[in-house]
Amino acid sequence: MALSGGGGDAAAGAVSSGGAAASDGSVVSDGAVSSDGSVSSDGSVDAVNRAWDELAEAIAAGDDAATTLAAEAGTVMGDAAVVIVNLLDIDRVVFGGPFWSRIASAALPAARAAIVGSPLLVPKHAVDVVESDRGADVAAVGAACLVLDAALSPRASGLLIRR
């Protein structure tokens, strides 16, 4: 696997597996995933998973470019989360999802630093930044909980006494 960045900028780099790295910052895994995130019919989900696995292996091996790329992604996600933390007065931010565990070792500390250290954060209380313990299917679990809540929770209108 090769990670390349233009002028040392890992965020502008490309992840390549079995092919030449693209100079435009696109992710290239056997020609399956382009810079706009589209997946060709010959690559499907397997190519995306291979690219994430290779990134995770590079982070675990201590590759500076891969670690910097994941840390910058964590910083961007943390910067975005600050707005939501302020808007909703949240005291805990949980990161997770199908690809999160692969970059968490580098991205979570960066996200935590971006949130806690942000000059935009209005600190009414401490904000805890953690990784989900629900695994890769955290979004599906959340969606299922919403469906069950809508189906099984009593509605206030149903509790009214009608005359």
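Computed from a predicted model, the values in this text were never measured in an experiment.

**Q** Quick question: what am I supposed to make of the side chain of S118 here?
**A** As for its placement among the helices and strands, S118 is situated in the loop between α3 (100-116) and β5 (128-131). Residue S118 is classed as buried on the basis of its relative accessible area, which comes to 15%. Once residues lying within four places of it in the same chain are set aside, the contact partners of S118 are V82 and A113.

**Q** When you look at the environment of A136 in this model, what are you seeing that I'm missing?
**A** Along the chain, A136 falls in the loop between β5 and α4 (138-152). Relative accessible area serves as the criterion here: at 41%, A136 is assigned to the partly exposed category. Sequence spacing of A136 and S101 is 35 residues, and the spatial spacing of their C-alpha atoms is 7.6 Å. Apart from the residues within four sequence positions on either side, A136 is in contact with G97 and P98.

**Q** Help me out: how do you make sense of the nonpolar core in this one?
**A** Buried together is how nonpolar side chains tend to be arranged in soluble globular proteins. In this structure, V93, F95 and I115 are the most contacted members of the largest nonpolar core, which totals 21 residues. Going through the elements one at a time, α1 (44-60), α2 (64-88), β4 (92-95) and α3 are the ones with two or more residues in this core. Element by element, the count of residues in this core is highest for α3, at eight residues. Once you skip the residues sitting within four places of it in the chain, V93 turns out to touch A81, V85, I115, V127, D128, V129 and V130.

**Q** In this structure, what is going on with the confidence of the model for the protein? I would like to understand it.
**A** Any segment with low pLDDT has predicted coordinates that should not be analysed in fine detail. Residues of the protein with pLDDT of at least 70 account for 74%, and the chain-wide mean is 78. When the criterion is pLDDT under 50, residues 1-33 qualifies, and its contacts beyond four places in sequence or with other chains add up to 66 contacts.

**Q** Would you mind showing me how to read the packing of α1 against α2 here?
**A** Two packed helices can be described by the angle between their axes and the distance between those axes. The contact between α1 and α2 brings their axes to 7 Å, and the two run at 110 degrees. Relative to α2, the element α1 is oriented roughly perpendicular. Here the hand of the crossing between α1 and α2 comes out left-handed. On the side of α1, the interface is formed by L55, A58 and I59, while α2 contributes A66, T67, L69 and A70. A breakdown of the residues in the contact of α1 with α2 according to their chemical character gives six nonpolar, one polar and no charged.

**Q** Can you help me understand α1 in this one?
**A** The α-helix advances 3.6 residues per turn, and as a result positions three or four apart in sequence lie on the same side. For α1, with 17 residues, the first-to-last C-alpha span of 25 Å sits near the 24 Å given by 1.5 Å per residue. Those residues of α1 that sit buried are A47, V48, A51, E54, L55, A56, A58 and I59. Of the residues one or two after α1, G62 is the one with positive phi, at around 85 degrees.

**Q** What is the right way to look at unusual backbone geometry in this model?
**A** For residues that are not glycine, phi is negative in most cases, and the peptide bond is trans in most cases. In this structure, D89 takes a positive phi of about 55 degrees despite not being glycine. Relative to the assigned elements, D89 resides in the loop between α2 and β4.

Cut-offs and rules
Each chain has its residues counted from 1, following the order in which its sequence is written. Totals for whole chains, interfaces and linings use all residues, but because this is a predicted model, local features are given only for residues with pLDDT of at least 70 and pairs of side-chain atoms are given and counted only at 80 or more. Only hydrogens and water are set aside; all other atoms, that is, all heavy atoms of the structure, feed into the side-chain values. Each helix corresponds to a stretch of at least 4 residues labelled H or I by DSSP, and each strand to a stretch of at least 2 residues labelled E; elements are numbered beginning at the N terminus. Only protein chains enter the area calculation, which uses a 1.4 Å probe; residues under 20% of their type maximum are buried, those over 50% are exposed, and those in between are partly exposed. Should any heavy atoms of two residues lie within 4.5 Å, those residues are counted as being in contact. Here the nonpolar core consists of buried residues drawn from Ala, Val, Leu, Ile, Met, Phe, Trp, Tyr and Cys, with membership extended through side-chain atoms lying within 4.5 Å. For every residue, the predictor assigns a confidence score, pLDDT, that lies between 0 and 100. Angles run from 0 to 180 degrees between N-to-C directions of axes, and those axes are lines fitted to C-alpha atoms, restricted for helices to the stretch in contact. The scheme is simple: roughly parallel for angles under 35 degrees, roughly antiparallel for over 145, roughly perpendicular for 65 to 115, oblique for anything else. By convention, the crossing between two helices is left-handed when the near helix turns anticlockwise from the far helix through less than a right angle, and right-handed when the turn is clockwise. For this classification, the nonpolar set comprises Ala, Val, Leu, Ile, Met, Phe, Trp, Tyr, Cys and Pro, the charged set comprises Asp, Glu, Lys and Arg, and every other residue, Gly included, is treated as polar. In this analysis, the expected span of each helix is defined as 1.5 Å times one less than the number of residues it contains.

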